[in-house]
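These are the residues of each chain, in order.
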Amino acid sequence: MIEASITKHTTAILPVHVYGNPCRVEQIKQIADNYGLKIIYDAAHAFGVKINGFPVVGFGDLTILSFSCY
């Protein structure tokens, strides 16, 4: 699905970790490497989540978190 969306203008992939469920980071990295793209993860729903003991914020070129205060 990611590869079908890549065009000559694509510079990055923006996967979203949703409801504490991390993305398939290895597969996404493979696609990004094949096309020379950056990976920017949205980890707002995955604060504190780990993959094989490694925090999701450590994957990709950049990971974005957000916090909400009421």
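Look up: the structure comes first, before these words.
Predicted model, so just to flag it, every value in this text is computed and none were measured.

Rules behind the numbers
Residues numbered from 1 in each chain as written. Predicted model: local features only at pLDDT ≥ 70, side-chain atom pairs only at ≥ 80, totals over all residues. Heavy atoms only, no water. Buried < 20%, exposed > 50% of the residue type's maximum accessible area, 1.4 Å probe, protein only. Helix = DSSP H or I, 4+ residues; strand = E, 2+ residues; numbered from the N terminus. Pairing = 2+ DSSP bridges. Right-handed = clockwise from strand over helix to strand, strands pointing away. Contact = heavy atoms within 4.5 Å. Axes fitted to C-alpha atoms, helices over the stretch in contact; angles between N-to-C directions. Arc of directions from axis to C-beta. Phe/Tyr/Trp six-rings, centres within 6.5 Å; stacked < 30°, edge-to-face > 60°.

Before going further, it helps to spend a moment on the pairing of strand S2 (residues 38-42). Side chains of S2 alternate between two faces, with Ile-39 and Tyr-41 buried and Lys-38, Ile-40 and Asp-42 left unburied. Relative to S2, strand S1 (residues 12-13) runs parallel, the two sharing two bridges. Paired with Ile-13 across the two strands is Ile-39, which belongs to S2. A crossover connection joins S1 to the parallel S2 through helix H2 (residues 25-35); in handedness this β-α-β unit is right-handed. Direction of pairing for S2 relative to strand S5 (residues 62-64): parallel, over a ladder of three bridges. Considered in S5, the bridge of Ile-40 is made with Leu-62.

With parallel pairing, the three strands of this open sheet are ordered in space as S1-S2-S5. In this open sheet, the two strands that pair with only one neighbour each are S1 and S5. The strands touched by H2 are S1 and S2; relative to S2, the strand with the most contacts, the crossing angle is about 150°.

The complete set of buried residues in H2 reads Val-25, Ile-28, Ile-31 and Ala-32. With its buried residues spanning 125° around the axis, H2 presents them on a single face. Summarising the geometry of H2, the exposed residues directed more than 90 degrees from the buried face are Glu-26 and Asn-34. Trailing H2 by a residue or two, Gly-36 shows a phi angle of about 65°, which is positive.

A few words on the packing of aromatic side chains. Considering all chains together, one arrives at one aromatic pair under this definition. With centroids separated by 5.4 Å and ring planes inclined at 85°, the aromatic side chains of Phe-54 and Phe-59 adopt a geometry described as edge-to-face. Phe-54 sits in the partly exposed class, given a relative accessible area of 42%. The class for Phe-59 is buried, based on a relative accessible area of 16%.

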